[in-house]
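# Architecture at a glance
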Amino acid sequence: MSIVELKNVEVAFPQKKGEAVKAVNNVSLSIEKGDIYGIVGFSGAGKSTLVRTVNLLQKPTAGSITVDGTEFVRDGKQVISNKELQLKRRNIGMIFQGFNLLNETTVLENVAFALKHEKLSDEELEKRSLELLDLVDLKDKADFYPAELSGGQQQRVAIARALANNPDILISDEATSALDPQNTQQILDLLKRLNKKFHLTVILITHEMDAVKKIATKVAVMEHGNVIEDGSLRDVFLHPKQELTKKFVGGSLEAISTLNSLALDKLSEDEAIYQLVYSVANVTKSIIIELYKQIGVEVSMLYGNVELLNEEPIGTLVVLVKGDPAEQKQTQEFLAKQNVTFTRLDEKGNVYHD
Amino acid sequence: MISFLSKYLPNVVQLGWGGDAGWGTSIFQTLFMTFWSAIFGGILGIIFGVVLVLTKDGGIRPNKFWYNFSDKLVSIFRAIPFIILLAFVAPVTQKIVGTQIGMKAALVPLTLGVFPFYARQVQVALESVDPGKVEAAESLGSTTRDIIFDVYLRESRSELIRVSTVTIISLIGLTAMAGAVGAGGLGNTAISYGYNRFNNDVTLVATILVIILIFIVQIIGDFFAKRMNHQSR
């Protein structure tokens, strides 16, 4: 039983002139309880719009949405009353790129604001708010104003606030995009910890594949309002099907920029560039040496990287293989037999087309 | 001191402090009219400002009827020149206050004259609140009431104080005109006892008093606007 079920969701923005712009186009997703579900895509892909339909901050124009067994939208019509929705939203925490804290109230009051409807006594309210701040290690900043905290700290306050009503789901909308790498890491670790501790379902919207790679268990890739690929993080990462996904995985953006800075000449017929992505644990033999030994092609390395994919080491290599077309064919056959996902690239790092 | 004043500002001294035309009386009348119309106009202005922001398309309670109603009402009252409004609402004043002249009667046109101006200012102040904050509150399942008071009004309070200061200053300007319906005040002193009787010294002193009053309001307003601001500094 999935906790968030989106069926054929469409969000269209009517334009003054011409056809409506479809920000989200016929998307179906099913998110299981306890998932850390990454949704990646470049900006403008419709990720934020899509995820806002989960708590109806954005009303879809078509499709059905069910959250935790409650039907929110059926065939584009809201079937939950606004009052009921208000209650259900307390089960769906949300954090934002801009933190969106209340600047004119203290950190403590920001958290307490989320508990306002609880009718707690002042002491209970303070106690509960402090507990939540303790969860994000900011108990000592309770009396500060948000503007006095760093970005990472502000985001942690926002997380404490989002968790105030013990939600089952937490939506993170580009929550780390405005933060430096260190703070990003901290927030991601915190999300992972909360996911484990409370069995919290996390929906992680980001344009940074790195963030998804670090903590997500499942991933969906979006482009032009469509989900073009989804599945377990490992599958999508090791066996990407779509061109865009291939670009996103394996530190590929970095690999592409490396290739670009190398400014290679147009490849001759006897040259080919391959991007190899593999799980380090499964690949024991050195691929480069084997290629030379078995086929006799000369392989030079253009880019190499090993990174952790949800704690599993994954290697990415970009290699230039020199050999005649027959040898290139053999090379491809050899690679296909290994536990390696390979993608042929052109000299600019784009996916190769004949 | 008195002899110095008598020599250079003879007509000013002659008006005296108390009595119908006294300086004390006219200062009190100006303060009275400013204070009470600021209270009444302020309440109306905030209500209309809030309604405009909540009910507009894309607001948290979109409602075409109430938006158009408030929007048009505010626009119409803003369009009427105050001196005409004074005469125009006289029958209403008669109903509410029981008289058409005097300081209390002037509160009706003053309130009606200032609230649309203030409502627009409140509307702009509330719209300056980051929509992300409102969205965050909605995602927390906050009630409309909580969003109005804890997000819109609280987050914009520094801006609200700033626009209130501007409004009170323009209200002091309006009270000067209210002299036309026998409401008294410093404006009336400047015109009736100064200008009309060629007593330039009276006009001068009345003007200086109005300026001092405005400066005091401005200084207090700036002080609180700054103090209430906890945005990045």
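Quick note: structure is the one above.
Residues numbered from 1 in each chain as written. Chains lettered and ligands numbered in written order. Predicted model: local features only at pLDDT ≥ 70, side-chain atom pairs only at ≥ 80, totals over all residues. Heavy atoms only, no water.

## Looking at the overall build of chain A
- Along the backbone of chain A there are 12 helices and 15 strands.
- Seen through its principal axes, chain A has C-alpha atoms that stretch 80 × 50 × 40 Å.
- Only carbon and sulfur atoms are counted for the fraction: they give 47% of the accessible area of chain A, which is about 16,200 Å².
- Separation of charge centres in chain A, based on 41 positive and 50 negative side chains, amounts to 5 Å. (Helix = DSSP H or I, 4+ residues; strand = E, 2+ residues; numbered from the N terminus. Areas by Shrake-Rupley, 256 points an atom, 1.4 Å probe, with all protein chains shown as cover. Lys, Arg positive; Asp, Glu negative; His and termini not counted. Charge placed at Lys NZ, Arg CZ, Asp CG, Glu CD.)

## Re the interface of chain B and chain A
- At the interface, 26 residues of chain B touch 25 residues of chain A.
- At the boundary of chain B with chain A, total buried surface from both sides reaches about 2,200 Å², with 49% on carbon and sulfur atoms.
- Considering only the surface of chain B that becomes buried against chain A, Ser139(B), Leu140(B) and His230(B) emerge as the three largest contributors, covering 29% of it.
- At the boundary of chain B with chain A, the tally comes to four salt bridges.
- Among the ionic pairs, Glu135(B) bridges to Arg52(A), the shortest N-O distance being 2.6 Å.
- Here the side of chain B that touches chain A takes seven residues from helix H8 (residues 131-139) of chain B, the largest share from any one element. (Contact = heavy atoms within 4.5 Å. Buried area = accessible area lost by both parts, 1.4 Å probe. Salt bridge = Lys/Arg side-chain N within 4 Å of Asp/Glu carboxyl O.)

## Brief notes about the sheet that holds strand S11 (residues 226-232) of chain A
All names here are of chain A.
- An order of S7-S8-S9-S3-S10-S11 is seen for the six strands of this open sheet, with the pairing classed as mixed. Single-partner strands in this sheet number two, and they are strand S7 (92-96) and S11. Put simply, the sheet's adjacent strands are angled 15° from each other on average, direction ignored.
- Here strand S3 (residues 36-40) runs beside strand S9 (residues 201-206); their pairing, made up of five bridges, is parallel. Within S9, the residue paired with Ile36 across the bridge is Val202.
- Packing of helix H5 (residues 151-162) onto the sheet brings it into contact with S7 and strand S8 (169-173), and relative to S7 it is tilted by some 165°. (Pairing = 2+ DSSP bridges. Axes fitted to C-alpha atoms, helices over the stretch in contact; angles between N-to-C directions.)

## Quick look at the pattern of salt bridges
- Summed over all chains, the structure comprises 21 salt bridges over all chains.
- For Arg52(A), the salt bridge identified is with Asp173(A), shortest N-O distance 2.4 Å. Remark: Asp173(A) occurs in strand S8 and Arg52(A) occurs in helix H1 (residues 47-52); sequence separation between them is 121 residues. In this pair, the class of Arg52(A) matches that of Asp173(A), namely buried.
- Ionic contacts of the salt-bridge type, sharing partners, join the residues Arg52(A), Asp173(A) and Glu135(B) into one network. (Buried < 20%, exposed > 50% of the residue type's maximum accessible area, 1.4 Å probe, protein only.)

## Focus on the sheet that holds strand S14 (residues 312-322) of chain A
All names here are of chain A.
- The strand order S13-S14-S12-S15 describes an open sheet built from four strands, whose pairing is antiparallel. Strand pairing shows two members of the sheet lacking a second neighbour, strand S13 (298-309) and strand S15 (340-345), which therefore form its edges. Within the sheet, the average angular offset between the axes of one strand and its neighbour, ignoring direction, is 20°.
- Examined bridge by bridge, S13 and S14 share 11 bridges and lie antiparallel to one another.

## Brief notes about the layout of surface pockets
- The computed volume of the largest pocket comes to approximately 850 Å³.
- The wall of the largest pocket is formed by 28 residues, among which Leu57(A), Gly58(B), Gly59(B), Ile60(B) and Glu138(B) lie closest to the centre.
- Considering only residue class, the lining of the largest pocket consists of 12 nonpolar, eight polar and eight charged.
- Roughly 450 Å³ of internal volume is contained in the second largest pocket.
- Residue assignment for the lining of the second largest pocket shows that the elements contributing at least two residues are helix H3 (23-55), helix H7 (103-127), helix H10 (157-177) and helix H12 (200-227) of chain B.
- No other element matches the eight residues that H10(B) contributes to the lining of the second largest pocket.
- Here the lining of the second largest pocket is composed, by residue class, of 13 nonpolar, seven polar and one charged. (1 Å grid on protein atoms, 1.4 Å probe; cavity = no way out; pocket = protein on both sides within 12 Å on 5 of 7 lines; lining within 4 Å. Points joined across faces, edges and corners; volume = space filled by probe spheres on them. Nonpolar A, V, L, I, M, F, W, Y, C, P; charged D, E, K, R; others polar.)

## A closer look at the environment of Glu138(B)
- Here Glu138(B) lies in helix H8.
- On the basis of relative accessible area, Glu138(B) is assigned to the partly exposed category, the value being 21%.
- For Glu138(B) and Ile60(B), which are 78 residues apart along the polypeptide, the C-alpha to C-alpha distance reads 8.7 Å.
- What Glu138(B) contacts, discounting residues up to four positions off in sequence, is Leu57(A), Arg89(A), Ile60(B) and Ile147(B).

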